[in-house]
Amino acid sequence: MSCMAVLLAFIIILLQDKCCNSAVTASEGQRAGVQEKAAEENGTSSAGDFFLDVRAGFGGKPVIPDPAKTDGKVSVSLLSRKNIDKVYDNGKFYKKNGDLYLGTDLSFAGFKRPVFVSSYVIGDMTEDSGVVSYITKKTNNGIKKKKVKGSCLVLFVTTKLEKYEKPTKQAHLGESYFVILDYKNGVSYKKKTAFYLPYSRWNKLSVADVTGDGIQELLVSCLHNKSVDFGLYHAAMEKHKIETIYETGGDWEENWQKPGWDFIDRLEFQGKLMDNYKVELTIPRIGYSKTVSVIKDGGYSKKSLHNKMDRMGCINYIGMWKKNGKLRKKWVKKYGRVFLYTLDDISYPEGKDGNTLVEFIRPVCIGHRSRGIGNMHIYMRYDKDSGKLVPESAKYSDYKEAEKEWETARKHYGGFN
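Per chain, residues are indexed from 1 in the order of the written sequence. pLDDT decides what is reported in this predicted model: residues at 70 or higher carry local features, side-chain atom pairs at 80 or more are listed and counted, and totals for whole chains, interfaces and linings draw on all residues regardless. Working from all heavy atoms in the structure, the side-chain values ignore hydrogens and water.

**Focus: the side chain of Ser 77**
Tracing the backbone shows Ser 77 in strand E2 (residues 74–78). Contacts: residue pairs with any heavy atoms within 4.5 Å of one another. Excluding its chain neighbours within four sequence positions, the residues that come into contact with Ser 77 are Arg 55, Gly 59, Lys 61, Pro 62 and Val 63. Put simply, DSSP marks the helices as runs of H or I at least four residues long and the strands as runs of E at least two long, and each gets a number from the N terminus on.

**Let's talk about a positive patch on the surface**
Each patch is built from salt-bridge-free residues with over 30% relative accessible area, joining like charges within 9 Å and nonpolar side chains (Val, Leu, Ile, Met, Phe, Trp, Tyr) within 5 Å. Accessible surface area values rest on a Shrake-Rupley calculation with a 1.4 Å probe, where residue burial reflects the displayed protein chains alone. Note on definitions: salt bridges are taken to be side-chain nitrogens of Lys or Arg within 4 Å of carboxyl oxygens of Asp or Glu. Asp and Glu count as negative and Lys and Arg as positive, but His and the ends of the chain are not part of the count. Where a charge lies is defined by one atom per residue type: Lys uses NZ, Arg uses CZ, Asp uses CG and Glu uses CD. Among the surface-exposed residues, Lys 137, Lys 144, Lys 146 and Lys 204 lie close enough to one another that they form a single positively charged patch. You can see Lys 137 is positioned in strand E4 (residues 132–139).

**Description of the confidence of the model for the protein chain**
The pLDDT averaged across the protein chain works out to 80; a share of 75% of its residues lies at or above 70. Of the regions scoring below 50 in pLDDT, residues 3–48 engages in 24 contacts with residues more than four places distant in sequence or in other chains. Each residue carries a pLDDT score, the predictor's own confidence in it, on a scale running from 0 to 100. Counting contacts from residues 163–174, a segment whose pLDDT is below 50, to residues more than four positions away or on other chains yields 20 contacts.

**Side note on unusual backbone geometry**
Notably, Asn 276 is not glycine yet its phi reads approximately 65°, a positive angle. Position of Asn 276 among the secondary structure elements: in the loop between strand E13 (270–274) and strand E14 (278–283). Of note in the backbone geometry, Tyr 277 takes a positive phi value of approximately 60° without being a glycine. Tracing the chain through its elements places Tyr 277 in the loop between E13 and E14. What makes Tyr 277 buried here is its relative accessible area of 7%. Relative accessible area decides the class of each residue, using a 1.4 Å probe on protein chains only: under 20% of the type maximum gives buried, over 50% gives exposed, and in between gives partly exposed.

**Quick look at the packing of aromatic side chains**
Centre distance within 6.5 Å is the pairing criterion for rings of Phe, Tyr and Trp, where only the six-membered ring of Trp is used; planes under 30 degrees apart are then read as stacked, over 60 as edge-to-face, and the remainder as tilted. This model, assessed by the stated rule, comprises 12 aromatic pairs. Summarising the aromatic geometry, the rings of Phe 230 and Phe 360 are spaced 5.5 Å apart at their centres and angled 75° between planes, so their arrangement reads as edge-to-face. Placement of Phe 230 in strand E11 (residues 227–236) and of Phe 360 in strand E18 (residues 358–366) is noted, with a sequence separation of 130 residues between them. Accessibility classification places Phe 230 together with Phe 360 in one group, the buried group. Aromatic side chains Tyr 317 and Tyr 335 sit 6.0 Å apart centroid to centroid with 80° between the ring planes, which places their arrangement in the edge-to-face category. With Tyr 317 in the loop between strand E15 (288–293) and helix H5 (329–335) and Tyr 335 in helix H5, this pair connects stretches of sequence that are 18 residues apart. Across the ring face of Phe 111, the terminal group of Lys 190 is positioned such that the distance to the ring centre comes to 4.5 Å. Placement of a charge over a ring requires the Lys NZ or Arg CZ to be within 6 Å of the ring centre, with the centre-to-atom vector within 35 degrees of the ring normal. Stacked on the ring of Phe 339, the Lys or Arg Arg 337 has its end atom at 4.0 Å from the ring centre.

**Comments concerning the nonpolar core**
Side-chain atoms within 4.5 Å link the members of a nonpolar core, which is a set of buried Ala, Val, Leu, Ile, Met, Phe, Trp, Tyr and Cys residues. Grouped together as the largest cluster of nonpolar side chains are 44 residues, with contacts concentrated most on Phe 230, Leu 273, Val 279, Leu 281 and Met 376. Apart from the residues within four sequence positions on either side, Phe 230 is in contact with Phe 195, Leu 219, Val 220, Tyr 246, Glu 247, Thr 248, Leu 343, Ile 346, Tyr 348, Val 358, Phe 360 and Leu 389. Of all hydrophobic cores here, the second largest spans 25 residues; its members include Ala 109, Phe 111, Val 115 and Tyr 183.

**Here we look at the pattern of salt bridges**
Where side chains of opposite charge bring their charged atoms close, a pairing between them can arise. Enumeration according to the criterion identifies eight salt bridges in this entry. The residue Lys 239 makes a salt bridge to Glu 243 at a minimum N-O spacing of 3.0 Å. Note on Glu 243: relative accessible area 30%, which makes it partly exposed. A salt bridge links Asp 265 to Arg 362; its shortest N-O distance comes to 2.5 Å. In this pair, Asp 265 sits in helix H4 (residues 264–268) while Arg 362 sits in strand E18, placing the two residues 97 residues apart along the sequence.

**As for the environment of Asp 383**
Considering the arrangement of structural elements, one finds Asp 383 in strand E19 (residues 372–383). Overall, the relative accessible area of 18% leaves Asp 383 in the buried class. C-alpha of Asp 383 to C-alpha of Gly 212: the two residues are 171 residues apart in sequence and 9.7 Å apart in space.

**Regarding the pairing of strand E8 (residues 187–193)**
The side chains of a regular strand alternate between the sheet's two faces. As paired elements, strand E7 (residues 176–182) and E8 share seven bridges and run antiparallel to each other. In the sheet register, Tyr 177 faces E8, and the bridge partner there is Lys 192. Between any two strands, pairing holds if DSSP finds at least two bridges. Between the antiparallel neighbours E7 and E8 lie four residues, among them Gly 186 with a positive phi of about 70°.

**Let's talk about the sheet that holds strand E9 (residues 204–208)**
Overall, antiparallel pairing links the four strands, which are arranged E9-E10-E11-E12 in an open sheet. Two strands in the sheet have a free side with no partner beyond their single neighbour: E9 and strand E12 (241–247). Taking each pair of neighbouring strands and ignoring which way they run, the sheet shows an average axis angle of 30°. Here six bridges tie E11 to E12, and the two strands are oriented antiparallel to one another. By the bridge assignment, Tyr 233 is partnered in E12 with Thr 244. Simply put, an axis is a line fit to the C-alpha atoms, just over the touching stretch for a helix, and the angle between two N-to-C directions goes from 0 to 180 degrees.

**Let's talk about the side chain of Arg 362**
Taking relative accessible area as the criterion, Arg 362 reaches 2% and is therefore assigned buried. One polar contact links Arg 362 to Asp 265, side chain to side chain, over a distance of 2.5 Å. Here Arg 362 is in contact with Phe 263, Asp 265, Arg 266, Leu 340, Tyr 341, Thr 342, Leu 343, Gly 374, Asn 375 and Met 376, once residues within four sequence places are set aside. What qualifies as a polar contact is a pair of N or O atoms within 3.5 Å, subject to a donor-acceptor requirement within protein and to the restriction that residues adjacent in sequence count only when both atoms come from side chains.

Here it is as structure tokens:
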């Protein structure tokens, strides 16, 4: 065989080798793509760029690893409301032997029996970790995956769910906790709370830097009956405890008449009835003052403001004015207080300094809770000197705007009982 023939045969072999390698590479890449797609559909990821991988709603028993026994990537499996509906039958969550159907072992956090985990959130509660985590949910509309920043998983935990089979006024007290699992530092924090697992919805957990120290705080809100409860909490690393910055917890009906007992935003507010069907709204600490019309802004007719009693013989709490627009001073002194009622909604807008504010929204009422004239928005900020929330700004929204805000709150909290 000539040299030329040998060289030609060698080139042909090389070309065949290259083609085969290319085919194998393409096949492997295609297979990897299919595997990645399947992983996404199952709520898992092989991308390798996450720290915490939290999956909810995929069924099976919840799995929550001990922070002290994990390193690198952490996979967590949680329940969804859809999972719960499958095991909630005839008003009972528990089996006959007392074991929780969908209980989770959190013995590493100090719980002696399986607990029920409902609400959850991921954040940087102890340090600015700089890591990326994922929350993947299986819903009726498909798989929803969200990238979040944080190395801590925060849970709302209920220890004695059987109490809810026959609820009483105090059944929930002492049965629920906030638990912070710091997977980067291998530690956990917990705090007993007066918040409880609602019958028709779950507590909403959020994280944000309210104190301005670069670390996120835990923000909790939940609609109970018609009023929202709220709490703001900080994880103290040196103590391994969750400390309370502010909360509205407590029995309002039993305590509201006690001296000094009230919600901070309500204590900051003052209202005064004026001639010509006007109301003055003030927050003295920040110099806020606004005069509104009970007719134009509150939505009442002039005629409805003139009668002391209504047709049913009950006090007409908006009937504080004479036909000439002058106040009935004795009637006002007896029934004419202006106050803020239930906490209708809470949001967390960004302040001018970049830190998170807490926005409280409450109806403004005259004399009685049924006589609303609009909503008051009070924006609270964290004061480093006092370690408390204080007002920063405020605004009033008239009755038309208040109705829209009410509908927004209904959607935000998933409807009312």
